[in-house]
Amino acid sequence: MKYLVIPEEKIELERYQEKGADSFIFGLENYSVNYPEISLKEIEELSKKHSLWIALNKNIRNEELDNLEMILEELSSFPIEGVLFYDLSVLSIVQRKKLSLSLVWHQTHMVTNYQTCNYYFDKGVSYGIVSNEITLEEILEMKKHTKMKLMVQVFGYPVVSHSRRNLVTNYFKDIKKESEKDLYTLTEKNPDSLLIKESHAGTTILFGKPMNGTRVLYDLLEQGIEYAILDMRNLKEEIGIQILEIYQTIRKTFSTSSREEKEQIINQTVELVGDYTNFFYKKTIYKVKRGDSNEKRNN
Amino acid sequence: MEKRIELLSPAGDLGRLKIALLYGADAVYIGGQEYSLRANATNFSLEEMKEACDFAHKLGKKVYLTTNIVFHNEDLEGVYDYLKSAYEAGIDAFIVSDPFIIRYIKEHFKGAEVHVSTQASTTNLEAVRYWKQEGVDRVVLARELSIPEISEMIKETGVDIEIFIHGAMCTFYSGRCTLSNYLTNRDSNRGGCSQVCRFAFDIDSEDDKKFTMATKDLNMADYISQFIEIGVRSLKVEGRMRSHYYLATVLSSYRKIIDAYYEETLTEEFLKRQKQILSRVANRETSTHYFTHEADHTDQYYTGRQELSNQDFLAVVIDYDKEQRIVTISERNYFEPGMEVEIFTPSGKTIAFTIDKIYNENMEELEKACHPEEILKLKLSEEVEKDSMMRIKVKEELYEP
């Protein structure tokens, strides 16, 4: 398994690489959503020294298509690992221009079944980033039924939603004040909070707790999942480094560790970042029984 | 013959479907018991789907089936059998977002169309071309686009384009929101959306005003002519869980605007009247959002927003006795003698009158109508059709949109 790290900034790469990061994910400036962005020039330079995956995962508009085509052509001349896409225009251009670029299907919340993985695999898309809202069992079943190489986020704040609207700016405009910072916390009756931030592409909401997928990592390693993603942003760099060190140990020892040793390692990460396991062990529902508290609240 | 723009309505059940088609929709979109993004609407069984298709086809109209969930592994089993049964029931088109079923539908169901759902958030012409290449017949565009962008897509691709024109909006790109999953454990991309975007949150800023992100509703009545002229194929109304009255009112108004355009009788005054009627049935403020401008704070709701409960709908017509000139109605909201009301009919007529006397089923005079579902009778000189609806008269001076 390879570890793909999303750093806060590019200066952190050497340190993460020393501790076990195999590759890094960056967004291309003005073309990504919720990734640290760098320019084409920076990608060209960094790709000479580091293994890079580049996210072009925003919703593209007509007026951006010509530029997108030039960008993809240029990226295909760099030694990058591949391009993460959300919008089908990226796939369409790569196919039409027959560009030599590995593609990663990254429709954030839609990579949820093996049939669609197979559909995109047949279109030449070799990799897919599994949605954060499915269970470990579902991920492992996908793995059994597709040749697509799967990437699973195992650490960091999960993305919840993305809007074209500038929701924070709009709020402050309404109350006639200036926004004071880049990242806000939203809380409601629900004990869980959300993080909200704006970028050139609109507004992104993250869940308020970082996902700790250490327990899951053991299963993913045993089942031969090819890539794990660690999102180090919004955390102190030291925590990211410690987590990566622990994950490096897991990668080396998972097949020989005893149950007690595994539990001990898992507990170390819980002490660092808590034990939120996202949807790995929790299935969502979609048909609501009459009288359910959420139904009452919203209808 | 000129191919006219389609007016497409939601229909949450058979009753709503009939109202929608009678009041002017050219086609309806429905959800079955599986694979639809409104898992908690009543939805249609296969038998009801067949009845729906028979009803629509007799009127020369169409029925589209939403199969636009984002599939999980567990949803895959049985999907092809389900699609086959729906096709055999007479479904004219399948609305999909997960692309793996497109080819199956095109290869196995002769004549059935595939429409790509707005859930796929198609925002540019290259993506439209991609769908065209996949054999898709129509693309329902994302709701974040401007009229010039839509026009360019139609010109450059030649693909049938469908757009939303009326109803509630999502705050986030369709398909790019799982707020419901995270805060209520309900899967938004499989029909369980709990509308978390309408909750009010505390924000960690110095101001203590609640943070909300809900958007105003959409109302594009002013732009129907423009949509026809740029070549939009279908105009979609949102709201599979809306009431009969809402559907009848909204569809009736858009039907009249569309027909008036083609008959070259669409005047500003006529449009204003239809907008007044539409504004009476709305329970939230409306906007044109990205169609006309970069959406900003004026397109959203903040604390203090009002969702108005509408008491305009007074009764539905059950029968009309031509000899006695008496209309039989089923009551919905309070009314009494002296009130100015109007009956609007599926065929587009509006008959205004003042309530004179109200009778019960035995023709005994009543002081008022105050029992919903009660069968009542009124004297009315003009014949009205079954399923016509009676509402408080929409007066121009009272209801500025």
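Q: What is the right way to read the domain arrangement of chain A from this model?
A: How big an interface is tends to be reported as the loss of accessible area on association of its parts. All names here are of chain A. Structurally, chain A comprises domain 1 (2-157 + 209-273) and domain 2 (158-207). Placing a centre on the C-alpha atoms of domain 1 and another on those of domain 2 gives a separation of 24 Å. Between domain 1 and domain 2, the contact holds 10 residues from the first and 9 residues from the second.

Q: It is not clear to me how the interface of chain A and chain B should be interpreted in this structure. Could you clarify?
A: Taken together, the 55 residues of chain A in the interface contact 57 residues of chain B. The class makeup of the residues in the side of chain A that touches chain B is 21 nonpolar, 20 polar and 14 charged. Examined bridge by bridge, strand β10 (residues 183-187) of chain A and strand β8 (residues 202-203) of chain B share 2 bridges and lie antiparallel to one another. Across the sheet, Thr187(A) pairs through a bridge with Asp202(B), a residue of β8(B).

Q: When you look at the confidence of the model for chain B in this model, what are you seeing that I'm missing?
A: As a note on interpretation, predicted positions should not be read in detail where pLDDT is low. When the pLDDT values of chain B are averaged, the result is 94; 96% of them are 70 or greater. The ipTM for the predicted assembly is 0.94, set against a pTM of 0.95.

Q: Honestly, the nonpolar core in this entry has me stumped. Any pointers?
A: Within soluble globular proteins, side chains that are nonpolar generally end up buried alongside one another. Ile54(A), Leu230(A) and Val28(B) are the most contacted members of the largest nonpolar core, which has 203 residues in total. The element that contributes the greatest number of residues to this core is helix α10 (residues 244-262) of chain B, accounting for 9 residues.

Q: Please explain the pairing of strand β4 (residues 52-56) of chain A as it appears in this structure.
A: All names here are of chain A. With respect to burial, β4 is a largely interior element, 5 of its 5 residues being buried. A two-sided burial pattern is seen for β4, the buried positions comprising Leu52, Ile54 and Leu56 on one face and Trp53 and Ala55 on the other. In the sheet, strand β2 (residues 23-28) pairs with β4 via 4 bridges, with the strands oriented parallel. By the bridge assignment, Phe26 is partnered in β4 with Ile54. As paired elements, β4 and strand β5 (residues 82-85) share 4 bridges and run parallel to each other. Bridge assignment links Leu56 to a residue of β5, and that residue is Phe85. With respect to chirality, the unit in which β4 leads through helix α3 (residues 65-75) into the neighbouring parallel β5 is right-handed.

Q: Would you mind showing me how to read unusual backbone geometry here?
A: Outside of glycine, negative phi angles account for most residues, and trans bonds account for most peptide bonds. All names here are of chain B. Residue Met363 is not a glycine yet carries a positive backbone phi of 60°. When the 10 C-beta atoms within 10 Å are taken as the criterion, Met363 is described as exposed. The phi angle at Glu373 is positive, at roughly 80°, despite the residue not being glycine. Relative to the helices and strands, Glu373 resides in the loop between β17 (365-366) and β18 (375-379).

Reading the values: the criteria
- Residues numbered from 1 in each chain as written.
- Chains lettered and ligands numbered in written order.
- Predicted model: local features only at pLDDT ≥ 70, side-chain atom pairs only at ≥ 80, totals over all residues.
- Domains from an automatic or database assignment.
- Contact = placed C-beta atoms within 7 Å.
- Nonpolar A, V, L, I, M, F, W, Y, C, P; charged D, E, K, R; others polar.
- Pairing = 2+ DSSP bridges.
- Helix = DSSP H or I, 4+ residues; strand = E, 2+ residues; numbered from the N terminus.
- pLDDT = per-residue confidence, 0-100.
- Core = buried A, V, L, I, M, F, W, Y, C linked by C-beta atoms within 7 Å.
- Buried ≥ 20, exposed ≤ 12 C-beta atoms within 10 Å, placed from the backbone.
- Right-handed = clockwise from strand over helix to strand, strands pointing away.

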